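# Structure at a glance
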Amino acid sequence: MESDTQQIALGLRQGDVVVLEALVEQYQYRLVRYLIYLLGRREGVDDLVQETWLRVLKRGSSYDGQSRFEPWLFRVARNIVVDAMRKRRMFSLDSNDDYGVRRALTSDEPSPFTLAARTEDADRLARSLQTLEPVYREVLVLRFQEDFSLQEISAIVGAPVSTVASRIYRGLATLRPQLEGETA
Amino acid sequence: MNIDHHESFERMIDESLAGAISAEREQSLREHLDTCPPCQEYLSAGNRVIAGLGGFSFEVDPTLNARVLASLRRRAHPDRRRWTLVSVAAVVLTIGGSFVDLQFGDLIASAFDIQHMQVRQGLLTFWIVPSLCGLLLFPLLPWLSKAGTRREERTL
């Protein structure tokens with residue numbers, strides 16, 4: 001009997017729309033959340049989601065079904081973002097001066113994190129998340145929301161495991177003061 | 001306890017939260033945590049950050065899935081539709097050529113003062129045979145196109 005990942009790989013090789021529909025239903029929210037963390041903004045995310053799925057359709061045969069599908073999907077999404085940035089000369093994921101940070105500092109509009117905060121602690125973290133560099137936000141969501149291993153995150157972001165770990169430490173260090181000393 | 005020693009345990013707490021700590025260091029950290037309230041607080045704040053990250057719920061446009069699926073369906077088999085149309089056109093052309101020969105062959109021959117056989121040869125050469133070739137060739141193009149796409153993906 002074929003495993004789920006092999007069935008997904010077969011479906012993608014054949015351009016099977018039924019398989020794609022099931023994947024869209026299953027992963028759409030997670031993809032949207034990852035892209036918001038990566039970009040630090042809400043606008044444009046839907047277009048990037050759509051482009052991601054079209055690339056999954058086009059390049060689906062490069063997924064071999066030997067490893068989990070999710071890291072492969074998130075790597076595709078990340079590549080779409082990087083390509084879009086190159087084309088539009090937006091900003092670099094590694095840059096301090098990214099669009100999201102500048103916007104957070106100059107705009108009165110609430111950030112996507114403020115709008116999405118459903119708990120007191122999340123509300124406290126929202127502003128720091130908005131000003132955190134994308135590469136740190138990215139690893140936090142991949143590790144603690146997506147529950148990817150360090151190796152999987154390393155494959156998604158194209159950085160060594162040690163770099164991924166350092167980014168997680170720095171991301172936690174930036175957010176920790178927002179909650180330290182508060183009673184839960 | 002000196003500060004360096006304490007910082008090394010804070011580093012171990014970060015490693016533990018990130019899932020980057022060895023079993024041996026984890027054991028050492030657990031023993032330290034039993035006796036160190038500041039490190040317990042540091043760990044607790046880290047755990048609260050992680051729990052806090054779970055406190056976001058982003059809204060997804062309810063029409064997004066439908067839009068994505070519609071565009072996937074449109075793009076899933078664009079070639080198949082194109083090849084079908086071309087094949088139908090080839091069938092129509094082949095039948096049309098034969099029909100012209102049978103119905104208007106004599107008329108064309110007398111109009112140009114040539115024999116009916118010459119009209120038939122002309123129609124066969126420039127209309128019916130090319131249409132037949134198209135009819136036979138086009139069903140093969142999707143496979144040729146797919147093979148080309150696979151080759152392109154292997155080089156990516």
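It should be noted that the structure appears before, not after, this text.
The residue numbers shown here count from 1 along each chain, following its written sequence. Lettering for chains starts from A, numbering for ligands starts from 1, and both go in the order in which the items are written. Only residues with pLDDT of at least 70 get local features here, since the model is predicted, and only at 80 or more are side-chain atom pairs given and counted; chain-wide, interface and lining totals rely on the full set of residues. Processing note: side-chain calculations cover all non-hydrogen atoms of the structure and skip hydrogens and water entirely.

## Looking at unusual backbone geometry
Positive phi, normally seen in glycine, also occurs at A:D147, with a value near 60°. Looking at the secondary structure, you find A:D147 in the loop between α8 (134-144) and α9 (150-157). The phi torsion at B:D113 lies on the positive side, around 55°, for a residue other than glycine. Labels follow the DSSP assignment, with helices taken as runs of H or I lasting at least four residues and strands as runs of E lasting at least two, numbered in each case from the N terminus. Within the element layout of this structure, B:D113 appears in the loop between α5 (78-112) and α6 (116-137).

## Here's the deal with the side chain of A:S111
All names here are of chain A. Topologically, S111 is positioned in the loop between α5 (99-106) and α6 (112-116). Here T114 takes part through its backbone nitrogen, which lies 3.1 Å from a polar atom of the side chain of S111. We call two residues in contact whenever any of their non-hydrogen atoms come within 4.5 Å of each other. Those residues in contact with S111 that sit more than four places away from it in its chain are A126 and Q130. Two N or O atoms form a polar contact when they lie within 3.5 Å of each other; inside protein one atom must be a possible hydrogen donor and the other a possible acceptor, and for residues adjacent in sequence the pair counts only when both atoms belong to side chains.

## Some details on the pattern of salt bridges
Residue and element names in this part refer to chain A. Any Lys or Arg side-chain nitrogen found within 4 Å of a carboxyl oxygen on Asp or Glu counts as a salt bridge. According to the stated counting rule, one finds 20 salt bridges over all chains in the structure shown. R68 serves as the salt-bridge partner of E152, at 3.0 Å between the closest nitrogen and oxygen. You can see E152 sitting in helix α9 and its partner R68 sitting in the loop between α3 (45-59) and α4 (69-88), a full 84 residues away along the chain. Relative accessible area decides the class of each residue, using a 1.4 Å probe on protein chains only: under 20% of the type maximum gives buried, over 50% gives exposed, and in between gives partly exposed. Assessed through its relative accessible area of 19%, E152 is described here as buried. The class for R68 is partly exposed, based on a relative accessible area of 35%. With its nearest N and O atoms 2.9 Å apart, the salt bridge here joins D121 to R124. Pair noted here: D121 and R124 are both in helix α7 (residues 120-131), with a separation of 3 residues, about one helical turn. Exposure remark for D121: the relative accessible area of 17% places this residue in the buried category. When its relative accessible area of 25% is taken as the criterion, R124 is described as partly exposed.

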